[in-house]
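What the coordinates show
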Amino acid sequence: PPKHPARHGAWHAAVVRGVLPSALIGAAERSAAPHAVTVALVRALEEHPDTADRLLDGGGPSELGHTFIAVVAASNALARLCAADPGALDVLDALELPVDIDDSSPTALARSKRLELLRIAGRDLRGLDTLEDVGRRLAEMAALVLQGAWTIATAETGGQGLAVIGMGKLGGRELNYASDVDVIFVTDRTERDKAARELLRIARGCFRVDVDLRPEGRS
């Protein structure tokens, strides 16, 4: 886009008119964050022109369109995910289907966590879940991610002799979107220290994981 502020508005309007159907422009203007939603819609349609057909139903947004707009209006991070991950729209289009947490690699684990978080946020923002449901779903997702990290980190040892216990909001099944994940490791074998540190490294690619709040957490 042009760097000159006076020209940026005209450039942006021209892009919007050229890319977005009028129904989506109107929906963006009525959203909680019109500029952010407009930018996200333009990016989505530039990357995948057929997206417009999925976001529209007749003369207005489809159910997927409403979900997409709610999510990108609420979170810049989720808006970037919707633009970057080709599977994001499919997740938002099937909010009733949990995303399988993929423990085949640290990269796959982190991606599946992001997509499941997107699904939970979509359900939350569309009013499909109560506050208690959201906290429970986030905690269940975190537990599955830790299970996946445990599987990857202990692949060579079979996981014998190492347990991970969720504390705080995770243990109470009331996690929120910004929560740290508090854990402690339990083992009767000092040689499991390496596996615990690898598990922590993998899990921290998905969450802020804290082991320092409990007595002797670093040990």
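This section reports on the structure supplied with the text.

The rules behind these values
Residues numbered from 1 in each chain as written. Predicted model: local features only at pLDDT ≥ 70, side-chain atom pairs only at ≥ 80, totals over all residues. Heavy atoms only, no water. Helix = DSSP H or I, 4+ residues; strand = E, 2+ residues; numbered from the N terminus. Buried < 20%, exposed > 50% of the residue type's maximum accessible area, 1.4 Å probe, protein only. Contact = heavy atoms within 4.5 Å. Areas by Shrake-Rupley, 256 points an atom, 1.4 Å probe, with all protein chains shown as cover. Core = buried A, V, L, I, M, F, W, Y, C linked by side-chain atoms within 4.5 Å. Salt bridge = Lys/Arg side-chain N within 4 Å of Asp/Glu carboxyl O. Phe/Tyr/Trp six-rings, centres within 6.5 Å; stacked < 30°, edge-to-face > 60°. Lys NZ or Arg CZ within 6 Å of the ring centre and 35° of its normal. Axes fitted to C-alpha atoms, helices over the stretch in contact; angles between N-to-C directions. Parallel < 35°, antiparallel > 145°, perpendicular 65-115°, else oblique. Left-handed = near helix turned anticlockwise from the far one by under 90°. Nonpolar A, V, L, I, M, F, W, Y, C, P; charged D, E, K, R; others polar. Pairing = 2+ DSSP bridges. Right-handed = clockwise from strand over helix to strand, strands pointing away.

**Comments concerning the overall build of the chain**
What the chain contains, in helices and strands, is 11 helices and five strands. Looking at the chain as a whole, 43% of its 219 residues qualify as buried. Put simply, 61% of the contacts in the chain that link residues at least 6 apart link residues at least 24 apart. Accessible area of the chain: about 12000 Å², with a carbon and sulfur share of 51%.

**Regarding the nonpolar core**
Counting residues in hydrophobic clusters, the biggest one holds 32 residues, and the most contacted among them are L41, L55, F68, L92 and L118. Broken down by secondary-structure element, the contributors of at least two residues to this core are α2 (22–29), α3 (34–47), α4 (51–55), α5 (63–74), α6 (76–84), α7 (88–92) and α8 (106–125).

**Observations regarding the pattern of salt bridges**
Within the structure shown, the criterion is met by 13 salt bridges. A salt bridge links E140 to R136; the shortest N-O distance between them is 3.3 Å. In this pair, E140 and R136 are both assigned in helix α9 (residues 131–153), four residues apart and thus about one turn of the helix distant. Residue classification places E140 among the partly exposed positions, given a relative accessible area of 30%. R136 gets classed as partly exposed once you look at its relative accessible area, which sits at 26%. One salt-bridge network, held together by shared partners, links D133, R136, E140 and R173.

**Thoughts on the packing of aromatic side chains**
Applying the stated rule across the entire model yields zero aromatic pairs. Over the face of the ring belonging to F207 we find K113, whose NZ or CZ atom lies 4.7 Å from the ring centre.

**Observations concerning the environment of T151**
The topology assignment puts T151 in helix α9. Remark: the alpha-carbon pair of T151 and L199, spanning 48 residues in sequence, is separated by 8.5 Å.

**Side note on the packing of α3 against α5**
Viewed as axis vectors pointing N to C, α3 and α5 meet at an angle of 120°, and their least axial separation amounts to 8 Å. Regarding the angle of α3 to α5, the classification is oblique. Between α3 and α5 lies a crossing of right-handed hand. Counted together, A36, V37, A40, L41 and A44 of α3 and F68, I69, V72 and A73 of α5 form the full contact between these two elements. When the residues that make up the contact of α3 with α5 are grouped by side-chain class, the tally is nine nonpolar, no polar and no charged.

**Description of the packing of α5 against α8**
Axis separation between α5 and α8 bottoms out at 9 Å; the angle between their running directions is 105°. Overall, the two elements α5 and α8 adopt an arrangement that is roughly perpendicular. Residues T67, A70, V71 and A74 of α5 lie in contact with α8, whose contacting residues are L118, G122 and L125.

**Here we look at the sheet that holds strand β4 (residues 181–187)**
Read from one edge of the open sheet, three strands run β3-β4-β5, paired in mixed fashion. Because the sheet does not close on itself, it has two edges, and the strands there are β3 (162–166) and β5 (209–210). Bridge count for β4 against β5 is two bridges, and the pairing is parallel. If you follow V181 over to β5, its bridge partner there is V209. In the packing of helix α11 (residues 193–203) onto the sheet, the strands contacted are β3, β4 and β5, and the crossing angle to β3 comes to about 45°.

**Quick notes on the pairing of β4**
Two faces belong to every sheet, and in a regular strand the side chains alternate between them. Relative to β4, β3 is paired through five bridges, and the arrangement is antiparallel. Residue pairing in the sheet places L162 in a bridge with T187 of β4. Read as a crossover between parallel neighbours, the route from β4 over α11 to β5 is right-handed.

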